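So you can see what is in the structure, the chains are spelled out below.
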Amino acid sequence: MDKFLYLDNAATTKTAPEVVEAMIPYFTENYGNPSSVYSFAAKNKDAVNRQREIIAGALGAAPNEIYFTAGGTEADNWALKATAEAYGNKGRHIITTKIEHHAILHSAQYLERQGFEVTYLDVDENGKVRPEDVEAAIRPDTILISVMYANNEIGTIEPIQEIGKIAHEKGILFHTDAVQAFGQIPINVDECHIDMLSASGHKLNGPKGIGFLYIRKGVKIRSFIHGGAQERRRRAGTENVPGIVGLGKAVERAVRTMEERTKKERELRDYLIGRVLEEIPYTRLNGDREQRLPNNANFSFRFIEGESLLIMLDMKGICGSSGSACTSGSLDPSHVLLAIGLPHEIAHGSLRLTLNEEFEKEDMDYVVETLKEIVKNLRSMSPLYEDFMKKQNR
């Protein structure tokens, strides 16, 4: 294989060299437990708090509002389940959407089994939640609204500021899963009236196994993980100091490079989208054309199976995805694509390509030419495509 193009950066990203370099001393030299009282360990406590300041600065938050977790999934679970526990006496209704990550959807389903009611909002054909639908779904017993900042599959950026304003005016807590958006687009928790926000290190060139939950001061949720007094008694367990340092360095890098990095990604993304839509017939772009993550392109190719497409792309050195990495073993079509109105047979032929700043225009040309060849070959073996073309030629 002469060519290797990793176009699945929504699933995970390569850990940046400067992030690895920052982490190494905390494995081998500065290995003290931050909860210990001696000076050797106190240095690590200081290091953890420095990363808290960096992350808070990226969000317009206060450092004591950042709580480290093992990743975005834990943060999502914490936000929903702890809110339900803490505010269940006030109400037992939660609002979310049909296109959330399964960390939210499965947590919501768990809460339904505990007697809570959940409203799953529809989205439009581009995957966008209508703020007026959020407002219409609010009931006197609504305690939480959770809407993702940007969709992990189709890249659509949601109207978070408008939704947050509605929640704020109604006195309802507002959580957003920002795992895909954080580090890719600017986020300010005050401007968007966000009470809780989830993020993960490995989506922005940081290490795996580390993330955080932003909890606005005054939100009365309690621990999700029990067993110690770490994270100001809200998240038990010895701090993952190397991971936290790596996350802080990755956030610092993401903020520093965001403008230039995402400008390049947008240009390449739009070039890729333009060529694919123009040169491969019976193809559609999934997600909003303008309000989408800088590095996301998601297509549906009629008359082919996404799994076959991924296998043949892999043989050509291209890594892509048919949807969320967390459901890649499933044979069911993407719940996101079904929610935007695609029929099963078209949803099955989807491909998500997510870029990084290392790509160049000639890489996109290689992807397009490879896609054209593979799609043509797969369609030539499809009875559905054959029948369709016969009808077209009558």
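By convention here, each chain's residues receive numbers from 1 onward along its written sequence. At least 70 in pLDDT is required for a residue's local features to be given in this predicted model, at least 80 for side-chain atom pairs to be given and counted, and no such filter applies to totals for whole chains, interfaces and linings, which use all residues. Computation of side-chain values: all heavy atoms of the structure, hydrogens and water removed.

**Quick word on the overall build of the protein**
Secondary structure elements are taken from DSSP: a helix is a run of H or I of four residues or more, a strand is a run of E of two residues or more, and numbering for both begins at the N terminus. Scanning the protein from N- to C-terminus turns up 14 helices and 12 strands. The globule rule is 2.2 Å times the number of residues to the power 0.38, and the radius of gyration it is compared with is taken over C-alpha atoms. Relative to the globule expectation of 21 Å for 394 residues, the C-alpha radius of gyration of the protein, 22 Å, shows essentially globular dimensions. By principal-axis analysis of the C-alpha atoms, the protein measures approximately 80 × 55 × 30 Å. Residue exposure (1.4 Å probe, protein chains only): buried if accessible area is under 20% of the type maximum, exposed if over 50%, otherwise partly exposed. Per-residue burial for the protein yields a buried fraction of 55% across its 394 residues. The contact criterion used throughout is that any non-hydrogen atoms of two residues lie within 4.5 Å. Put simply, 74% of the contacts in the protein that link residues at least 6 apart link residues at least 24 apart. Note on areas: these come from Shrake-Rupley sampling with a 1.4 Å probe, and a residue is covered only by the protein chains present in the view. A total accessible area of about 17400 Å² is found for the protein, and carbon and sulfur atoms account for 49% of it. By the counting rule applied here, Lys and Arg register as positive and Asp and Glu as negative, while His and the ends of each chain are not counted. Where a charge lies is defined by one atom per residue type: Lys uses NZ, Arg uses CZ, Asp uses CG and Glu uses CD. Separation between the mean location of the 48 positive side-chain charges and that of the 56 negative ones in the protein comes to 3 Å.

**Focus: the packing of helix α9 (residues 241–279) against helix α13 (residues 361–380)**
Between α9 and α13, the least distance of the axes is 10 Å, while the angle of their chain directions is 25°. On the basis of their axis angle, the class for α9 and α13 is roughly parallel. As α9 runs across α13, the sense of the crossing is right-handed. For the pair formed by α9 and α13, the contact residues are Leu268, Tyr271, Leu272, Arg275, Val276 and Glu279 on the first element and Lys361, Met364, Asp365, Val367, Val368, Glu369, Leu371 and Lys372 on the second. Within the contact of α9 with α13, the residues separate by chemical class into eight nonpolar, no polar and six charged. Axis definition: a line fitted to C-alpha atoms, limited for helices to the stretch in contact. Angles are taken between N-to-C directions and run from 0 to 180 degrees. Here the word oblique covers every angle except those under 35 degrees (roughly parallel), over 145 (roughly antiparallel) and from 65 to 115 (roughly perpendicular). Each crossing gets its hand from how the near helix is turned against the far one by less than a right angle, where anticlockwise is left-handed and clockwise is right-handed. Gly is put with the polar residues, along with every residue not named as nonpolar or charged; the nonpolar set is Ala, Val, Leu, Ile, Met, Phe, Trp, Tyr, Cys and Pro, and the charged set is Asp, Glu, Lys and Arg.

**Description of the packing of aromatic side chains**
For Phe, Tyr and Trp, where Trp contributes only its six-membered ring, two rings pair if their centres lie within 6.5 Å, and the inter-plane angle classes them as stacked under 30 degrees, edge-to-face over 60, or tilted in between. All chains considered together, the criterion is met by eight aromatic pairs. Ring centres of tyrosine 282 and phenylalanine 303 lie 6.1 Å apart, and the angle between their planes is 80°; this geometry places the pair in the edge-to-face category. Here tyrosine 282, found in the loop between α9 and β9 (283–285), pairs with phenylalanine 303, found in the loop between β10 (296–301) and α10 (306–315); they are 21 residues apart in sequence, far enough to count as distant. The exposure class of tyrosine 282 is partly exposed, given its relative accessible area of 28%. Among the aromatic residues, those joined into a cluster by ring pairs are Tyr282, Phe303, Tyr385 and Phe388.

**Concerning the nonpolar core**
General note: in soluble globular proteins, nonpolar side chains tend to be found buried as a group. What is meant by a nonpolar core is a set of buried Ala, Val, Leu, Ile, Met, Phe, Trp, Tyr and Cys residues, joined one to another through side-chain atoms within 4.5 Å. Formed by 62 residues in total, the largest nonpolar core has its most connected members in Leu59, Ile145, Tyr149, Phe182, Ile194, Leu197 and Phe212. No other element matches the seven residues that α9 contributes to this core. Ignoring any residue separated from it by four or fewer positions in sequence, one finds leucine 59 in contact with Ile66, Phe182, Ile187, Asn188, Val189, Leu197, Phe212 and Tyr214. Counting 26 residues, the second largest nonpolar core, distinct from the first, contains Leu5, Leu7, Ile304 and Phe359.

**Things to note about empty space enclosed by the protein**
Within this scheme a cavity is a closed region of a 1 Å grid, computed over the protein atoms alone, that accommodates a 1.4 Å probe without allowing it to escape, whereas a pocket is open but has protein on both sides within 12 Å along at least five of seven lines; lining residues each have an atom within 4 Å of a point. Grid points are joined across faces, edges and corners, and a volume is the space filled by probe spheres set on the points. What the rule picks out here adds up to one cavity of 30 Å³ or more. By volume, the largest cavity amounts to about 180 Å³. Forming the walls of the largest cavity are 18 residues, and the residues nearest its centre are Thr13, Gln184, Lys203, Arg261 and Asn295. The residue makeup of the lining of the largest cavity, split by class, is five nonpolar, eight polar and five charged.

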